[in-house]
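Chain by chain, the residues:
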Amino acid sequence: LTGVLDDCLCDIESIDDFNTFKIFPKIQKLQERDYFRYYKVNLKRPCPFWADDGHCSIKDCHVEPCPESKIPVGIKAGSSNKYSKAANNSKELEDCEQANKLGAVNSTLSNQSKEAFIDWARYDDSQDHFCELDDERSPDAQYVDLLLNPERYTGYKGPSAWRVWNSIYEENCFKPRSVYRPLNPLAPSRGGLGSVCPFSWTGLCLEKRVFYKLISGLHASINLHLCANYLLEETWGKPRWGPNVKEFTRRFDPAETKGEGPRRLKNLYFLYLIELRALSKVAPYFERAVVDLYTGNGHEDAESKALLLDIFRDTKSFHMHFDEKSMFAGDKKGAKSLKEEFRLHFKNISRIMDCVGCDKCRLWGKLQTQGLGTALKILFSEKEIQSLPENSPSKGFQLTRQEIVALVNAFGR
């Protein structure tokens, strides 16, 4: 890929250089720190749109239970669970890691981590949040260690997986008049693969183009991670993961996708720019002394915040940001209506993630959707961020830990 991206004054080569040499090494380090590696998620919420949950039939797609002593029942603020030291011995840890392979979500947490979460939750509860997330207080919500659950191919595919993407694109996305999606067995036939209409943005305003590109970029990101970390073979119960070039070609090569593949990849760059812009905009929120990345370990918390502020400095140094001021800038009534439509579409897409049948896929789908939702929230809260009080929590703009963790890890993807 080369050249300038549509709808922004930025070229791909500049983004590659900036990311490779400045952002990526630092964001990788940040994702490994305790504050950012644990994400609380409810993987048991029922699909709100269709009865058949399409759960993956592969045994490793769903969560394999760990030994009882390892499972967080649902870590709630103020709970006084006591854990024995014996429960954390290495033999049980090995058994647990063995049970949680492929698509299974590894819910192993050390006792130290479990006890720390109780403190973290108390600290969070003392802050006044901008919004309350349903998942966090559900007894079904559990902390997941993202480093033990990498995003990769699990064997989840076919009509069930496509039903999710079909619902996103066909029912909840502003779409160009014709977009060729050859891998979708559910897409209505247009007279065979050879007679696809040319790509056209006719009738789509900037805001709707942006929405479509963000969803397409998210889809491209997920597909890239599946191709890059693919189950190549499993011999004697030992899986070997690595890049699957054939699968990558099938999804992105111009010849295989009627020219659509490179556009999908460009949309990934566009998504990167949007989330980069959000990080640069939210910097003042974190620069205040009143905001800590609290885990209870003062030294580590200070180091985590210093690294995050360093990343913010880099994001501000990038000279070709996407300009969100051009969005929703028409007549006030029309702009407000469009913005609400935008918000509701996105909210619906986040709910569709509860229809994903593979738990590991659902985990990363929910996390990246919430990360993008947090980025959009930031971009449309500029005035509130600029008027934040220096030494007290803000009533006008607040981020929960879930939103912060989702934003950083989604951008890291």
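A quick note: this is a predicted structure, and the numbers were derived from the prediction, not measured.

Next up on the list: the overall build of the chain. Each helix and strand counted, the chain has 14 helices and four strands in total. Across the 413 residues of the chain, 51% fall into the buried class. Restricting the contact set of the chain to residue pairs at least 6 apart, pairs at least 24 apart contribute 78%. A total of about 19400 Å² of accessible surface is found on the chain, and carbon and sulfur atoms cover 53% of it.

So, about helix α1 (residues 12-31). Its 20 residues give α1 an end-to-end C-alpha distance of only 25 Å, which falls more than 12% under 28 Å, the value for a rise of 1.5 Å per residue. The sharpest bend along α1 comes to roughly 50°, located at Asn19. Residues of α1 that are buried: Ile12, Ile15, Phe18, Ile23, Ile27, Leu30 and Gln31. On its buried face, α1 is in contact with α2 (34-37), α9 (260-287), α10 (298-317) and α14 (401-412).

Another point: the packing of α1 against α9. Where α1 contacts α9, the two axes come as close as 11 Å, and the packing angle between them is 55°. Looking at the two axes, α1 sits oblique to α9. When the axes of α1 and α9 are compared, the crossing they make is left-handed. Contacts between α1 and α9 involve Ile12, Ile15, Asp16, Phe18, Asn19 and Ile23 on the former and, on the latter, Lys266, Tyr269, Tyr272, Leu273 and Leu276. Residue classes in the contact of α1 with α9 are distributed as eight nonpolar, one polar and two charged.

With that settled, consider the UniProt feature "active site" (unreviewed entry) in the chain. Within the UniProt annotation, "active site" (unreviewed entry) is assigned to Cys358 and Cys361. Structurally, Cys358 can be placed in the loop between α11 (332-352) and α12 (359-379). Take Cys358: its relative accessible area is 0%, and that puts it in the buried class. Position of Cys361 relative to the elements: it lies in helix α12.

Each value, and the rule that gives it
- The written sequence of each chain sets the order in which its residues are numbered from 1.
- Restriction of local features to residues with pLDDT of at least 70 applies here, the model being predicted, together with a cutoff of 80 or more for giving and counting side-chain atom pairs; totals for whole chains, interfaces and linings are based on all residues.
- The basis for every side-chain value is the complete set of heavy atoms in the structure, and neither hydrogens nor water enter the calculation.
- Numbering of helices and strands starts at the N terminus; helices are DSSP runs of H or I of at least 4 residues and strands are runs of E of at least 2.
- Three exposure classes are used, based on accessible area relative to the maximum for each residue type with a 1.4 Å probe and protein chains only: buried under 20%, partly exposed in between, and exposed over 50%.
- Contacts are assigned to residue pairs that have any heavy atoms within 4.5 Å of one another.
- The method behind every accessible area is Shrake-Rupley, applied with a 1.4 Å probe, and residues are considered shielded solely by the protein chains displayed.
- Here the expected span of a helix is defined as 1.5 Å times the quantity of residues minus one.
- The angle separating two fitted axes, one through the seven residues that finish at a residue and one through the seven that start at it, defines the bend at that residue.
- Fitting a line to C-alpha atoms yields each axis, with helices limited to the stretch in contact; the angle taken between N-to-C directions then spans 0 to 180 degrees.
- Angle categories are assigned with fixed cut-offs, so that under 35 degrees is roughly parallel, over 145 is roughly antiparallel, 65 to 115 is roughly perpendicular, and the rest are oblique.
- Two helices crossing with the near one rotated counterclockwise from the far one by less than a right angle form a left-handed crossing, whereas a clockwise rotation gives a right-handed crossing.
- Under this grouping Gly is polar, as are all residues other than the nonpolar Ala, Val, Leu, Ile, Met, Phe, Trp, Tyr, Cys and Pro and the charged Asp, Glu, Lys and Arg.
- UniProt positions are given in the numbering used here, feature names are shortened, and annotations may be inferred rather than shown by experiment.

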